[in-house]
Amino acid sequence: FSCQVNVISIYEELEDASLKRMHSVSKVAVFTCLGVYVLAGTFGYLQFGSGTMDNILTNYCVRVTRDPLIIAEYICITITVVMAFPLNIFPCRYTMDIIFNRCC
């Protein structure tokens with residue numbers, strides 16, 4: 001959901017940048033994400049069946065299981081959310097800088 005701010009910087013860094021090449025890169029990225037989501041969803045459904053919740057981690061109750069692997073997963077998700085904000089702000093700032101410097 002937050003990859004759009006990276007499009008201009010990715011295009012700028014492509015060797016032989018063209019619209020066709022950018023489409024290819026975008027397709028690979030989208031289908032890679034699709035594959036990961038399908039695998040996660042499939043294995044989540046296979047483990048919990050129709051009781052699978054929207055957020056698969058909700059099915060693993062940390063308070064009940066005290067499983068170190070699940071606790072580590074929650075920590076990883078927390079780190080991902082905390083780190084995603086600054087990693088998305090920089091490309092946004094960079095993109096706006098490129099747009100304003102080309103226009104003015």
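Residues numbered from 1 in each chain as written. Predicted model: local features only at pLDDT ≥ 70, side-chain atom pairs only at ≥ 80, totals over all residues. Heavy atoms only, no water.

Novice: Just checking my understanding: could you explain the layout of surface pockets for this structure?
Specialist: Rolled over the atoms, a probe sized like a water molecule indicates the empty space that remains. Of the voids in this model, the second largest pocket is the one considered here, and its volume is about 160 Å³. For the second largest pocket, the full set of lining residues is Val 36, Tyr 37, Ala 40, Gly 41, Gly 44, Thr 52, Met 53, Asp 54, Asn 55 and Ile 56. Looking at side-chain class alone, the lining of the second largest pocket contains five nonpolar, four polar and one charged residues. (1 Å grid on protein atoms, 1.4 Å probe; cavity = no way out; pocket = protein on both sides within 12 Å on 5 of 7 lines; lining within 4 Å. Points joined across faces, edges and corners; volume = space filled by probe spheres on them. Nonpolar A, V, L, I, M, F, W, Y, C, P; charged D, E, K, R; others polar.)

Novice: Sorry if this is basic, but what is going on with helix α2 (residues 19–48) here?
Specialist: Between its first and last C-alpha, α2 extends 43 Å over 30 residues, near the 44 Å set by a 1.5 Å rise per residue. A positive phi of about 65° marks Gly 49, the residue just after α2. (Helix = DSSP H or I, 4+ residues; strand = E, 2+ residues; numbered from the N terminus. Expected span 1.5 Å × (residues − 1).)

Novice: Explain helix α4 (residues 68–103) here, please?
Specialist: Helical periodicity: at 3.6 residues per turn, an α-helix aligns residues three or four positions apart in one direction. Along its 36 residues, α4 runs 53 Å from first to last C-alpha, staying within 8% of the 52 Å computed at 1.5 Å per residue. Most pronounced at Ala 84, the bend in α4 amounts to some 30°, and the proline Pro 86 follows within four residues. Restricting attention to buried positions, one finds in α4 the residues Ile 70, Asn 88, Pro 91, Thr 95 and Ile 98. In this structure, the buried residues of α4 make contact with α1 (7–13) and α3 (62–65). (Bend = angle between axes of the 7 residues up to and from the residue. Buried < 20%, exposed > 50% of the residue type's maximum accessible area, 1.4 Å probe, protein only. Contact = heavy atoms within 4.5 Å.)

Novice: Help me understand unusual backbone geometry in this model?
Specialist: Residues apart from glycine generally show negative phi values, whereas peptide bonds are mostly found in trans. At Asp 16, a residue that is not glycine, the phi angle is positive and equals roughly 50°. With respect to the secondary-structure elements, Asp 16 resides in the loop between α1 and α2. Since its relative accessible area comes to 72%, Asp 16 is described here as exposed.

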